[in-house]
Amino acid sequence: MYLPPHDPHVDDPMRFKPLFRIHLMERKCATVECMYGHKGPHNGHIQIVKKDEFSTKCNQTDHHRMSGGRQEEFRTWLREEWGRTLEDIFHEHMQELILMKFIYTSQYDNCLTYRRIYLPPSSPDDLIKPGLFKGTYGSHGLEIVMLSFHGKKAKGTKITGDPNIPAGQQTVEIDLAHPLQLPDIENLRDFSELSRIVLEVQEQVRREEQEEEHKQKEENCSQQAASQPAAKPLGGESAEGEETADGAEGTTQNKAPASQPFVLPMGVISRNEDYPRTCRICFYGTGLIAGHGFTSPERTPGVFVLFDDDRFGFIWLELKSFSLYSRIKVSFQNAEAPSREAFDEMLKNIQSLAT
């Protein structure tokens, strides 16, 4: 198991924890050992379910128990997973979230189902190289997000989740067609000024979506009324091509702009104060928030901040919170990128990871 570094150190390397091992024997036999717990290897079982999927089961879960009971198990888990003790955590809400995560993860006793994750395809036109990133999520700690590009959109999909937003959900969406011009460094400290800029772009996006829906309805009505498929208006295809070209040109120009000073507005909370003080470019985006158990989910406006090839951030406007993301640089074998079409189809089904 690859675990993120201790919160909030997103630039630290991933941590490694063995979960099971297989001994290959003579006559094509094998034995499986569960590595979970603190009493050494013990008997386990592996079953191949289907392509890119297998399950593990521990046959001696008593090896996972500690003499001090669940309290000792929780304190040990807290030190290993969070790098701190319960006494270090003063915030009551954070204590509640951590306890929920412990109860949720420990109930499986290493009886788990694994599915292969294919890394997103890469294109020379992408803003940065897509891939896996470690990100700060407030009291939830560090989580793993997969960044992928889809034309004029970029998506951050959760690989690991929390009690509010489970794995498989699209945590952030970046609108690459709507870059944001940040105010100067002094005005940027004013949260109300940044909020005004973002909400103006949000309204612009809403109007454009309504116009596009209206245009689509008119085209559908025209096609239904015509006995034969209507020919495209002269220049229509060219105009569409120009729009695509403009979008591509804008994306290309945005790939290597001059850096600009950056600072978080007053009142915006960040788990990691060691964020970069310069950025390349910012875009309008939306972030997914929800109550415990993924109740009442909604997309809220925010700011995507590109710092460099390996780091980006997201300002959650409604939460007045900032997430910092850093690229995972571990080389994962057998995770070759599929085609764009196949990857888009996989993204539609990735919510199954949450189960």
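Under an unreviewed UniProt entry, the name given to the protein is FBX31 protein, and the organism recorded is Burhinus bistriatus. The UniProt entry for the protein carries the following text under Pathway (unreviewed entry): "Protein modification; protein ubiquitination."

Notes on the packing of helix 1 (residues 69-82) against helix 2 (residues 92-106)
One can describe the packing of helix 1 onto helix 2 by two numbers: an axis separation of 11 Å at closest approach and a directional angle of 105°. Relative to helix 2, the element helix 1 lies roughly perpendicular. Mapping the contact onto sequence places Arg 70, Glu 73, Phe 74, Trp 77, Leu 78 and Trp 82 in helix 1 and Met 94, Ile 98, Leu 99, Lys 101, Phe 102, Thr 105 and Ser 106 in helix 2. Looking at the contact of helix 1 with helix 2 residue by residue, the classes come out as 8 nonpolar, 2 polar and 3 charged.

A word on the environment of Asp 162
For Asp 162, the position within the fold is in the loop between strand 10 (153-158) and strand 11 (170-180). When its relative accessible area of 12% is taken as the criterion, Asp 162 is described as buried. Once the C-alpha coordinates of Asp 162 and Leu 97 are considered, the two residues, 65 residues apart in sequence, prove to be 8.6 Å apart. Within the structure, Asp 162 has its side chain in polar contact with the backbone nitrogen of Asn 164 (distance 2.8 Å). A polar contact is formed between the side chain of Asp 162 and the backbone nitrogen of Ile 165, at a distance of 2.7 Å.

Quick look at unusual backbone geometry
Following Asp 7, the chain continues into Pro 8 via a peptide bond in cis, with omega recorded as 5°. Structurally, Pro 8 can be placed in the loop between strand 1 (2-3) and strand 2 (15-16). Of note, the phi angle at Asp 52 is positive, near 65°, even though the residue is not glycine. Within the secondary structure, Asp 52 is located in the loop between strand 5 (42-50) and strand 6 (53-58). A residue is classified by how much of its surface remains accessible, and Asp 52, at 24% relative accessible area, is partly exposed. The phi dihedral of Asn 110 falls on the positive side, at around 65°, and the residue is not glycine. Structurally, Asn 110 is set in the loop between helix 2 and strand 7 (112-115). When its relative accessible area of 4% is taken as the criterion, Asn 110 is described as buried.

The rules we used
Residues numbered from 1 in each chain as written. Predicted model: local features only at pLDDT ≥ 70, side-chain atom pairs only at ≥ 80, totals over all residues. Heavy atoms only, no water. UniProt positions renumbered as here; feature names shortened; annotations may be inferred. Axes fitted to C-alpha atoms, helices over the stretch in contact; angles between N-to-C directions. Helix = DSSP H or I, 4+ residues; strand = E, 2+ residues; numbered from the N terminus. Parallel < 35°, antiparallel > 145°, perpendicular 65-115°, else oblique. Contact = heavy atoms within 4.5 Å. Nonpolar A, V, L, I, M, F, W, Y, C, P; charged D, E, K, R; others polar. Buried < 20%, exposed > 50% of the residue type's maximum accessible area, 1.4 Å probe, protein only. Polar contact = N/O pair within 3.5 Å; in protein donor to acceptor, adjacent residues only side chain to side chain.

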